[in-house]
There are 4 protein chains.
Amino acid sequence: MTVNEAGKIAAEECAQALMRIDEKESQELIRLVLDARKVFFVGVGRVLLSLQAVCKRMAHLGINAHYVGEITEPAITSEDLLIVGSGSGESIIPREISKKAKELGAKVVWIGSNKESTIAKLADCCVRIPVGTKLGLQDELKSEQIMTSLFEQTLLLYGDALAKVIAEKKGLDIRQLWQYHANLE
Amino acid sequence: MTVNEAGKIAAEECAQALMRIDEKESQELIRLVLDARKVFFVGVGRVLLSLQAVCKRMAHLGINAHYVGEITEPAITSEDLLIVGSGSGESIIPREISKKAKELGAKVVWIGSNKESTIAKLADCCVRIPVGTKLGLQDELKSEQIMTSLFEQTLLLYGDALAKVIAEKKGLDIRQLWQYHANLE
Amino acid sequence: MTVNEAGKIAAEECAQALMRIDEKESQELIRLVLDARKVFFVGVGRVLLSLQAVCKRMAHLGINAHYVGEITEPAITSEDLLIVGSGSGESIIPREISKKAKELGAKVVWIGSNKESTIAKLADCCVRIPVGTKLGLQDELKSEQIMTSLFEQTLLLYGDALAKVIAEKKGLDIRQLWQYHANLE
Amino acid sequence: MTVNEAGKIAAEECAQALMRIDEKESQELIRLVLDARKVFFVGVGRVLLSLQAVCKRMAHLGINAHYVGEITEPAITSEDLLIVGSGSGESIIPREISKKAKELGAKVVWIGSNKESTIAKLADCCVRIPVGTKLGLQDELKSEQIMTSLFEQTLLLYGDALAKVIAEKKGLDIRQLWQYHANLE
């Protein structure tokens, strides 16, 4: 297989996964983001890296965005939102942090595949991306890629799609956003 | 614009960007990765996040992979490879680290858009992804997305495509890879 | 209060805290480190930062050292050791990760203050630093410093003391260690 | 050597290093922190870990604190302060970032040992901790510890001493600070 072929497969699988996301769920997620005072992200491994990229972009849009484990992470309150990325909905850290966030009165959005999972059940809003668990759920999109790459890729593109729509809703001029971007680099 | 529409745009832009990458450059990069004793990654911001995701996947394939800034980062030697992600090829940290790596005798691969840049000129191998600089180079793919999102997305998908081809070249059974994956999560 | 006075207080409190650590516990910890194939560290917040500094130094001594959450974190096995830093012994992430490590057959060392805690009870070896919990245990060293600063400071100095003794036991020439240090900086 | 002995040496060396810091330099640093709109920290390796711990504590005191490389790092402006930790004053990343910060009109404080260095010369304020460079400057405190451990330890204790004095100057009730502390852990 050439790298061009492997790249084509990746992009096409992402396109299919993104098309399977329910627009109503996305709009509910956006509403919760815009209503929150602060937005926190939690995940592990490559899922966390995709969420951190989304967190960074959200900050460029003027959203008070943080991730769990951040050096200067503030306290979460009942006016805040926690966005959890976990395909299986059972990863230890996201699951325990989700429970803690609920105890503290925050809202929780889960993005993943397994709707029968602990995190899915406690979440206020679920966005299903039907790919990428090791469980191999019956209706999951089959992927030719390694491990759960498709879930992590789709999560990044999905977050960037959310950012695009949020920027539009907030009436931001995209060309002006560089002023909020880190400049010590 | 709906999130589904924004997602579709993102995936299609990635597909186009990936198709514009020269297969010969990709094969040269893969040869350098397979010849290296250790592979280091350097970048900043969301580019670094995409490279970290690729670094993590390379480690799953048995490649001795590290990123610059890692807590347990080892010393680089003349048997090692540095992979630099920088659209403009002029970001301070990647540029200075690339110079240092050359001084220490390591090979350098650059992935970015601006072929006239300092990093591109000192690199042993250049992989051009013609998107995403603030310079707006004439032949760059135009993107409807925010800032340099397309470069960062394409970098992740490209790295995963490289991983897929490397796994094939090494004859790895993809289903066996989970044994190398972190399990404290 | 001058900064010199505040600094003097900090250094003296560290000296006292370090003197209260039981040498037998330290020697047991060192034996477990030297017997392990890989050593993992887990903690949160400033405790994690101190542990990361110790992890980095251990790597300079030729120990295969990692922290939980590291980009290229490998799988833990029954031949490995997990070192947990948690004053209260009840922080969610360290507690859940400790349980998981035990399930996977790894050994666990706990460093903290509250010996009645969940993590202390499941650990194979406990090193007590009697400071720094919010619980204010009766025999804890009183600190004039902010929050749990004293625990985090003592943890760093303690880890560096361990490193010094381990280097001696391994017969390492300290002046030669720079060759293992990151050089892309 | 026992671990207790090695710990005693570490704490005593820290005490001596802290006593050698000029109070006037510390008071000037505090004035710059209190005058700044945002405070940024930059360093590499274990120096960065100590600075991150200080950054986290400063955030608990209500200071708008960030480190260079942070996921949600904002832009620096002429109203902001950059605190640079570098014993030698010549580490590539801190040096290049310091230059960039000066270009952008921000104030720069350097904490390190080599007063003849590039960063020391461009800084608005220098705090000398006379330990820990590989240069072995004539008046540096000799350390029995590994590599530059003493500099990194002293930096952490010094930052915590600064925090203590700043809390006093701001009239903060230390027992109330937990409300600003991350609670998802």
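The structure we're discussing is the one just above.
Presented here is an overview of the structure given in this document. Given the structure is predicted, the values throughout are model-derived calculations rather than measurements.

## Quick look at the sheet that holds strand E2 (residues 65-67) of chain B
All names here are of chain B.
Step number 1: The 5 strands are arranged E2-E1-E3-E4-E5 in an open sheet whose pairing can be described as parallel. A strand with exactly one partner marks an edge of an open sheet, and here the two such strands are E2 and strand E5 (125-128). Taking the axes of each pair of neighbouring strands and ignoring which way they run, one obtains an average angle of 20 degrees across the sheet.
Step number 2: Examined bridge by bridge, strand E4 (residues 107-112) and E5 share 4 bridges and lie parallel to one another. Residue Ile111 lies in a different strand from E5, and its bridge partner there is Val127.
Step number 3: The strands touched by helix H3 (residues 45-60) are strand E1 (39-42), E2 and strand E3 (81-85); relative to E2, the strand with the most contacts, the crossing angle is about 160 degrees.
Step number 4: Across the sheet, helix H4 (residues 92-103) is in contact with E1, E3 and E4; its angle to E3 comes to roughly 165 degrees.

## Here we look at the pattern of salt bridges
Step number 1: Here the structure, examined in full by the defined rule, presents 61 salt bridges over all chains.
Step number 2: Arg31(C) serves as the salt-bridge partner of Asp35(C), at 3.1 Å between the closest nitrogen and oxygen. Remark: Arg31(C) and Asp35(C) occur in helix H2 (residues 23-35); sequence separation between them is 4 residues, near one turn of the helix.
Step number 3: A single network of salt bridges, built from pairs that share partners, joins Arg46(A), Glu152(A), Arg57(B) and Asp160(B).

## Notes on the interface of chain D and chain C
Step number 1: Contact residues are listed per partner, giving 55 residues for chain D and 55 residues for chain C.
Step number 2: Note on chain D versus chain C: buried area summed over both sides is about 5,000 Å², and carbon and sulfur give 71% of it.
Step number 3: With its nearest N and O atoms 3.2 Å apart, the salt bridge here joins Arg57(D) to Glu152(C).
Step number 4: Summed over the shared surface of chain D and chain C, the number is 19 residue pairs in polar contact (both at pLDDT 80 or more).
Step number 5: Elements with a minimum of two residues in the side of chain D that touches chain C: helix H1 (3-19), helix H2 (23-35), helix H3 (45-60) and helix H6 (149-169) of chain D.
Step number 6: Sorting elements by how many residues they give to the side of chain D that touches chain C places H6(D) first, with 14 residues.
Step number 7: In the side of chain D that touches chain C, the residues fall into 30 nonpolar, 13 polar and 12 charged.

## Examining the relation of the copies chain D and chain C
Step number 1: Superposing chain D onto chain C requires a rotation of 180 degrees together with a translation of 0.0 Å along the rotation axis, leaving an RMSD of 0.0 Å. Expressed as a symmetry operation, the mapping of one chain copy onto the other fits a two-fold axis.
Step number 2: Mapped onto chain C, 100% of the interface residues of chain D are again interface residues, and the two copies thus contact each other with one and the same surface.

## Focus on the nonpolar core
Step number 1: Within the largest apolar cluster, 208 residues are counted, with the highest numbers of intra-cluster contacts made by Leu29(A), Phe41(A), Leu29(B), Phe41(B), Phe41(C), Leu29(D) and Phe41(D).
Step number 2: Setting aside residues no more than four positions away along its own chain, Leu29(B) makes contact with Ile83(B), Val109(B), Ile111(B), Cys125(B), Val127(B), Tyr158(B) and Leu162(B).

## Examining the relation of the copies chain B and chain A
Step number 1: The two copies are related by a screw motion: chain B maps onto chain A through a turn of 180 degrees and a shift of 0.0 Å along the axis, at an RMSD of 0.0 Å.
Step number 2: A symmetric contact is evident, with 100% of the interface residues of chain B recurring at the interface of chain A.

## What to know about the sheet that holds strand E3 (residues 81-85) of chain C
All names here are of chain C.
Step number 1: Across the sheet, 5 strands lie side by side as E2-E1-E3-E4-E5; this open sheet has parallel pairing. Each having just a single partner strand, strand E2 (65-67) and strand E5 (125-128) make up the two edges of the open sheet. Neighbour-to-neighbour, the strand axes of the sheet open up by a mean angle of 20 degrees, direction not taken into account.
Step number 2: The sheet contacts of H2 involve strand E1 (39-42), E3, strand E4 (107-112) and E5, and relative to E5 the element is tilted by about 135 degrees.
Step number 3: Taken strand by strand, helix H4 (residues 92-103) contacts E1, E3 and E4, and its axis lies near 165 degrees from that of E3.

## Considering helix H3 (residues 45-60) of chain A
Step number 1: Compared with an ideal rise of 1.5 Å per residue, which puts 16 residues at 22 Å, H3(A) spans 23 Å between its outermost C-alpha atoms and is within 8% of the ideal.
Step number 2: The buried fraction of H3(A) amounts to 14 of the 16 residues, a majority that puts the element mostly inside the structure.

## Notes on the layout of surface pockets
Step number 1: Quantified by volume, the largest pocket comes out at close to 850 Å³.
Step number 2: Around the largest pocket, the lining comprises 37 residues; the ones closest to its centre are Asn64(A), His66(A), Thr72(A), Asn64(D) and His66(D).
Step number 3: Secondary-structure elements contributing two or more residues to the lining of the largest pocket are H3 and strand E2 (65-67) of chain A together with H3 and strand E2 (65-67) of chain D.
Step number 4: Grouping the constituent residues of the lining of the largest pocket by class yields 16 nonpolar, 13 polar and 8 charged.

## Points about the interface of chain B and chain A
Step number 1: Taken residue by residue, the interface counts 55 residues in chain B and 55 residues in chain A.
Step number 2: For the pair chain B and chain A, the two sides together bury roughly 5,000 Å², of which 71% comes from carbon and sulfur.
Step number 3: Where chain B packs against chain A, one counts 4 salt bridges.
Step number 4: A salt bridge links Asp160(A) to Arg46(B), with the shortest nitrogen-to-oxygen separation between them at 2.8 Å.
Step number 5: Applying the counting rule to chain B against chain A returns 19 residue pairs in polar contact (both at pLDDT 80 or more).
Step number 6: At the level of elements, helix H1 (3-19), helix H2 (23-35), H3 and helix H6 (149-169) of chain B are the ones that each hand at least two residues to the side of chain B that touches chain A.
Step number 7: The greatest single-element share of the side of chain B that touches chain A, amounting to 14 residues, is contributed by H6(B).
Step number 8: Looking at the side of chain B that touches chain A residue by residue, the class counts come to 30 nonpolar, 13 polar and 12 charged.

## Regarding the pairing of strand E3 (residues 81-85) of chain D
All names here are of chain D.
Step number 1: Of all 5 residues in E3, 5 are buried; the element is thus mostly enclosed.
Step number 2: Residues Leu81, Ile83 and Gly85 line one face of E3 and the alternating positions Leu82 and Val84 line the opposite face, and both faces are buried.
Step number 3: As paired elements, strand E1 (residues 39-42) and E3 share 4 bridges and run parallel to each other. Across the sheet, the residue bridging to Val39 is Leu81, located in E3.
Step number 4: Sheet topology places E3 next to strand E4 (residues 107-112); 5 bridges connect them, and they run parallel. Considered in E4, the bridge of Leu82 is made with Val108.
Step number 5: Since E3 and E4 lie parallel, the crossover through helix H4 (residues 92-103) that links them has a hand, and here it is right-handed.

## A look at the side chain of Lys38(D)
Residues and elements named next belong to chain D.
Step number 1: Of note, Lys38 is situated in the loop between H2 and E1.
Step number 2: A distance of 3.2 Å separates the side chain of Lys38 from the backbone oxygen of Ala75, its partner in a polar contact.
Step number 3: Once you skip the residues sitting within four places of it in the chain, Lys38 turns out to touch Asn64, His66, Pro74, Ala75, Thr77, Glu79, Asp80 and Leu81.

Conventions used here
Residues numbered from 1 in each chain as written. Chains lettered and ligands numbered in written order. Predicted model: local features only at pLDDT ≥ 70, side-chain atom pairs only at ≥ 80, totals over all residues. Heavy atoms only, no water. Pairing = 2+ DSSP bridges. Helix = DSSP H or I, 4+ residues; strand = E, 2+ residues; numbered from the N terminus. Axes fitted to C-alpha atoms, helices over the stretch in contact; angles between N-to-C directions. Contact = heavy atoms within 4.5 Å. Salt bridge = Lys/Arg side-chain N within 4 Å of Asp/Glu carboxyl O. Buried area = accessible area lost by both parts, 1.4 Å probe. Polar contact = N/O pair within 3.5 Å; in protein donor to acceptor, adjacent residues only side chain to side chain. Nonpolar A, V, L, I, M, F, W, Y, C, P; charged D, E, K, R; others polar. Least-squares fit on C-alpha atoms with pLDDT ≥ 70 in both. Core = buried A, V, L, I, M, F, W, Y, C linked by side-chain atoms within 4.5 Å. Buried < 20%, exposed > 50% of the residue type's maximum accessible area, 1.4 Å probe, protein only. Expected span 1.5 Å × (residues − 1). 1 Å grid on protein atoms, 1.4 Å probe; cavity = no way out; pocket = protein on both sides within 12 Å on 5 of 7 lines; lining within 4 Å. Points joined across faces, edges and corners; volume = space filled by probe spheres on them. Right-handed = clockwise from strand over helix to strand, strands pointing away.

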